[in-house]
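# Breakdown of the fold
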Amino acid sequence: MTLPGDPTTTFDDRYRRTSELVNSLAVRIATAPRSIEPEAARARVSAWLSGVPPAEAEALTALLNFNPIVKTLLASLSESSPFLWELASREPVRLLGLLNDDPDRRLSALLAATGRAVAQSEDEAQAMRLLRRMKSEAALLIALADIGGVWPVMRAARALTDLADTAVDAAVRFAFNEAARAGRIADAAEPQRGSGYIVLAMGKMGAFELNYSSDIDLIVFYDPASPIVPADAEPGRLFVRITQRVVKLLNERTGDGYVFRTDLRLRPDPASTGIAISTAAAMIYYESVGQNWERAAMIKARPCAGDIEAGEKILGALSPFVWRKYLDFAALADVHAMKRQINAYRGHGEIAVEGHNIKLGRGGIREIEFFAQTQQLIAGGRNPGLRDRDTLTTLDKLAEGRWIEPAARDDMKAAYCFLRTVEHRLQMVNDEQTQTLPADRAGLERFARFLGFADRDAFATALLGHLDKVQRYYARLFETEPAADKPKLLFPPDSDDHKTLDRLAELGFRAPLETSAIVRTWLAGGYRSLKGEAARQQLQELLPVLLEQIARSDNPGAALLKFDSFLAHLHGAARLLPLLRQNPDLIALITLVLSIAPRLGDTVARYPEVMDALVDPSFFGALPGDEEMTRRLDTALSQSRYDQDLLESIRMFGLECMFLIGVRILSGTLTARQAGEAFAGLGDAVIRAVHRAVAENFTATHGLMHAQETAVVAMGKLGGREMTATSDLDLILIYDFDSQHPESNGERPLYGAQYFARLTQRLINALTAQTNYGALYSVDMRLRPSGRAGPLATQIESFTGYQ
């Protein structure tokens, strides 16, 4: 075939040169589904082409002849996906344009042009039409790139999210411009900027992981003191109205279809709050009654429209709600309870093939997400590096931090990508929000071929392989139920259970009646730490493994009494018990500590958070050197928001490290010399951090001396790196400055000697003051040249002369 006006150049030659030049979709398509009835499918495509206008038909025919796999892909759509076939066949010019263009460039240009046009439009019907046309073209482009192997599945998910972001942002800008034209808000070129109106993308949209036919989950906040709201207007009503307009633009079905089904029910208390909620009310809700599932939801939250800067600020303010300072194993039970409710409601208790829900069923997408997110909730407070939105990156970071094994990461990532591919293909059939496989064998056979498998059985083998692996990893994390073959231990409140007494005797307790009485006291809330129902429930579930671990000690009765005393003095049982339940080996360690190191036992009772150091994988292996110790302390301090919080974080870090070193001494993995160096290394890191914090605070008030320098000199056991857990810090602070400028340059200036004396006193106070986490050290400055009576700090000339 030749082109008119150019008898020497064939269409195929020109197409090959131009399409390779622009990296077109048609050239890059490399895979296609398997047809069920190939001849009938090809005939269907041919019949369609015969009805296409001649110019477009000629161009499409040449393109399909040039890359036959594109024709195979279209043929499979015609028999397996009514939705995509309708999009492809309805507008041949659009299809031709998509196939002849670079898919990344085409999508970016489409989103940018439509976003501008919608925001500038003054007609609602036109704006809705533009959004829906954008959605249908992008849906076809993304599907062709996904099915054709041009984009991996998570690139397709990112493209779908970019589409959703553009749609929401354009709808918000349209609604704000409309409100400005009507005089309901202050007029400006971009009134949404600085408006305090925040649209958070949640769930898969927040993580850039949207599935093909997904709802979008949004939360809308607004600032009641927004500067764009007129003085006589009620902010809540105004922003609710704007939100209603946004939802209508996205959600309403017209002759052009819809853009995105929009769900606003993840907001605080959706049954009794408006669809836009004030930031003040939201903060009060999350800080007072926010639940663990809401913490998990906020992991993926990001501002996608409106006042982006205000959105980032509220997420920063919510960070302490989402990310706890300690390892939060209590969250694990809540998340698993939610998953059990899903299983019970949906009936997905067992793995299946026909009719299996690949999202909510056993071994499905939700279990992979829960596996990753729950460990983020547990450890993300201590490890900011785990705070990522998308699932695959989170699995990588969990493996890097040794929270999961590399094999678990690899299997979970492979399963996630496989299941997301299946999910996309299910939804491409009829543009339905479904994750359920066909319930009959014939339907599954048809779907398996659309997915690219030879038949139903080949697909089932691959699917079950992934589901089984996911279920095993999920069960190891969540489902630590006692073995069914072990006798149950019952402790009724009013009497002893005879079978339980027999079992206690078998375990090795010589006085089972006394043992039973002690446990019944625990379960009755006999100690302050066990007054709460949650703590007693955790203890009830922990009891079988707790008693078995205690029974393994040399003297179970004595070990039980020490544990009883420990519970009597424990602060925060609801924190410690879930940790022990998830890490039962720590029970034996606590028993050992209580038996031979009561001082360490008192530390655990008063500050259960110190146990986190033994669970965090970063603390395993060799003890950290000075640089690593400093890095870990800096990481812990990076999350402190206020001066007092900073000092508390330093003390908590010090307590954890002291406890860790003490446990290593007990276990025989640390010699006395190594322990002395470890305690000294900790002291060095703490002194440096406290000195830096105190100096910054002091300078903010009193300024700096000209050319000032200070040095904290370690003496005694700290200087010799021979410290123990109870050693004082023997310190000398030496300073120097330009004596030609004797006064500091701050708002409240001080003279030289007075300046450094007060700075030194602040340093001593910070190291020795009692706080919620006690005092880390006692400080002794008597080794300075002036001894007990003179200045706390010594100028270097005086120090040299004295020596």
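Because the structure is a prediction, the values reported are computed rather than measured.

Take the overall build of the chain next. Per the secondary structure count, the chain includes 35 helices and eleven strands. Seen through its C-alpha atoms, the chain measures out along the principal axes to roughly 105 × 85 × 60 Å. Counting all 803 residues of the chain, 53% fall into the buried class. In the chain, the share of contacts with a sequence separation of at least 24, taken over all contacts with a separation of at least 6, comes to 73%. Carbon together with sulfur atoms contributes 51% to the accessible area of the chain, which is approximately 34,900 Å² in total. Each charge class in the chain can be summarised by its mean position, and for the 91 positive and 101 negative side chains these summaries are 1 Å apart.

Turning next to the nonpolar core. Core analysis: the biggest nonpolar cluster contains 231 residues, and V168, F459 and W522 have the highest contact counts within it. For this core, the leading source of residues is helix α10 (residues 153–181), giving 18 residues. For V168, the contacting residues outside a window of four places in its chain are V199, M205, I216, L218, L250, C304 and A305. With 24 residues, the next largest nonpolar core counts A282, A297, W323 and L377 among its residues.

Moving on: unusual backbone geometry. Most peptide bonds take the trans configuration, and most residues that are not glycine carry a negative phi. Not every positive phi belongs to a glycine, and D431 is a case in point at roughly 55°. Along the chain, D431 turns up in the loop between α19 (406–430) and α20 (441–450). One non-glycine residue, R721, lies in positive phi territory at about 55°. Tracing the sequence through the fold places R721 in the loop between α33 (716–719) and β9 (729–736). Judged by relative accessible area, which is 28%, R721 ranks as partly exposed.

Mapped onto the secondary structure, L577 falls in helix α26 (residues 573–582). Along the backbone, L577 and G97 are 480 residues apart, and their C-alpha atoms lie at a distance of 62 Å.

What follows deals with the side chain of D612. As for its placement among the helices and strands, D612 is situated in helix α29 (residues 612–615). Setting aside residues up to four positions removed in sequence, D612 forms contacts with Y326, L327, R382, R575, L579 and E656.

Taken as a whole, this structure holds 42 salt bridges when the rule is applied. Here the salt bridges share partners, and the residues they tie into one network are R28, D102, D104 and R155.

Tracing the chain through its elements places E178 in helix α10. Owing to a relative accessible area of 19%, E178 belongs among the buried residues under this scheme. When sequence neighbours within four positions are dropped, the list of residues in contact with E178 reads R184 and R245.

Glancing now at the packing of helix α24 (residues 533–551) against helix α25 (residues 556–569). Direction vectors running N to C along α24 and α25 enclose 130°, while the axes themselves pass 8 Å from each other. Our classification of the angle between α24 and α25 gives oblique. Across the interface between the two elements, L546, L547, I550 and A551 from α24 touch P556, A559, L560 and F563 from α25. In terms of residue class, the contact of α24 with α25 is built from eight nonpolar, no polar and no charged.

Let us now look at the packing of aromatic side chains. A full pass over the atoms with the stated rule returns 18 aromatic pairs. When the centroid spacing of 6.3 Å and the interplanar angle of 25° are considered together, the rings of Y735 and F737 count as stacked. For the pair shown, Y735 and F737 are each scored as buried. Feature note: the residues F698, Y735, F737, Y755 and F756 constitute an aromatic cluster, connected by ring pairs.

The end-to-end C-alpha distance of helix α21 (residues 456–478), which contains 23 residues, comes to 32 Å, matching closely the 33 Å that a straight helix rising 1.5 Å per residue would cover. Among the residues of α21, those classed as buried are R456, F459, A460, L463, H466, L467, V470, Y473, Y474, L477 and F478. A side-chain oxygen of the first residue of α21 lies 3.2 Å from the backbone nitrogen of D457; this N-cap is D455.

This brings us to the confidence of the model for the chain. Overall, the predicted model of the chain reaches an average pLDDT of 88, with 92% of residues at or above 70. With pLDDT under 50 throughout, residues 1–11 is counted as low confidence; its partners more than four residues away or in other chains account for 14 contacts.

Moving on, we come to the pairing of strand β7 (residues 302–306). For β7, the buried fraction is high: five of the five residues fall into the buried class. By the bridge criterion, four bridges tie strand β3 (residues 197–201) to β7 in an arrangement that is antiparallel. Residue A201 lies in a different strand from β7, and its bridge partner there is R302.

Attention shifts here to α25. Helix length check: α25, at 14 residues, gives a terminal C-alpha distance of 20 Å against a target of 20 Å (1.5 Å per residue), a fit within 8%. Turning to α25, its buried residues are P556, A559, L560, F563, D564, F566 and L567. What you see down the axis of α25 is that its buried residues fit within an arc of 160°, all on one side.

Time to look at the environment of I277. In this fold, I277 is placed in strand β6 (residues 277–278). Expressed as a C-alpha distance, the spacing of I277 and D780, which sit 503 residues apart in the sequence, is 55 Å. Leave out the neighbours within four places in its chain, and I277 touches V220, F221, Y222, P268 and A282.

Another aspect to go through is the packing of helix α23 (residues 512–523) against α24. Two quantities define a packed helix pair, namely the angle between the axes and the distance from one axis to the other. It is at 10 Å that the axes of α23 and α24 come closest, and there the two elements cross at 155°. The orientation of α23 with respect to α24, classified from their angle, is roughly antiparallel. Taking contact as the criterion, the partners of V519, W522 and L523 in α23 are, on α24, R536, L539, Q540, L543, L546 and L547. Split by residue class, the contact of α23 with α24 holds seven nonpolar, one polar and one charged.

Moving on: the pairing of β3. A large share of β3 lies buried, amounting to five of its five residues. Side chains of β3 alternate between two faces, with Y197, V199 and A201 and I198 and L200 buried alike. By the bridge criterion, five bridges tie β3 to strand β4 (residues 216–222) in an arrangement that is antiparallel. Residue pairing in the sheet places V199 in a bridge with V220 of β4.

Below, the discussion takes up the environment of I368. As for its placement among the helices and strands, I368 is situated in helix α17 (residues 365–379). Classification of I368 by relative accessible area gives buried; the value is 0%. Placed 105 residues apart in sequence, I368 and Y473 show a C-alpha to C-alpha distance of 8.9 Å. In this structure, I368 is in contact with T391, L395, M412, A415, Y416, L419 and V470, ignoring residues within four places of it in sequence.

The rules behind the values
- Residues numbered from 1 in each chain as written.
- Predicted model: local features only at pLDDT ≥ 70, side-chain atom pairs only at ≥ 80, totals over all residues.
- Heavy atoms only, no water.
- Helix = DSSP H or I, 4+ residues; strand = E, 2+ residues; numbered from the N terminus.
- Buried < 20%, exposed > 50% of the residue type's maximum accessible area, 1.4 Å probe, protein only.
- Contact = heavy atoms within 4.5 Å.
- Areas by Shrake-Rupley, 256 points an atom, 1.4 Å probe, with all protein chains shown as cover.
- Lys, Arg positive; Asp, Glu negative; His and termini not counted.
- Charge placed at Lys NZ, Arg CZ, Asp CG, Glu CD.
- Core = buried A, V, L, I, M, F, W, Y, C linked by side-chain atoms within 4.5 Å.
- Salt bridge = Lys/Arg side-chain N within 4 Å of Asp/Glu carboxyl O.
- Axes fitted to C-alpha atoms, helices over the stretch in contact; angles between N-to-C directions.
- Parallel < 35°, antiparallel > 145°, perpendicular 65-115°, else oblique.
- Nonpolar A, V, L, I, M, F, W, Y, C, P; charged D, E, K, R; others polar.
- Phe/Tyr/Trp six-rings, centres within 6.5 Å; stacked < 30°, edge-to-face > 60°.
- Expected span 1.5 Å × (residues − 1).
- Polar contact = N/O pair within 3.5 Å; in protein donor to acceptor, adjacent residues only side chain to side chain.
- pLDDT = per-residue confidence, 0-100.
- Pairing = 2+ DSSP bridges.
- Arc of directions from axis to C-beta.

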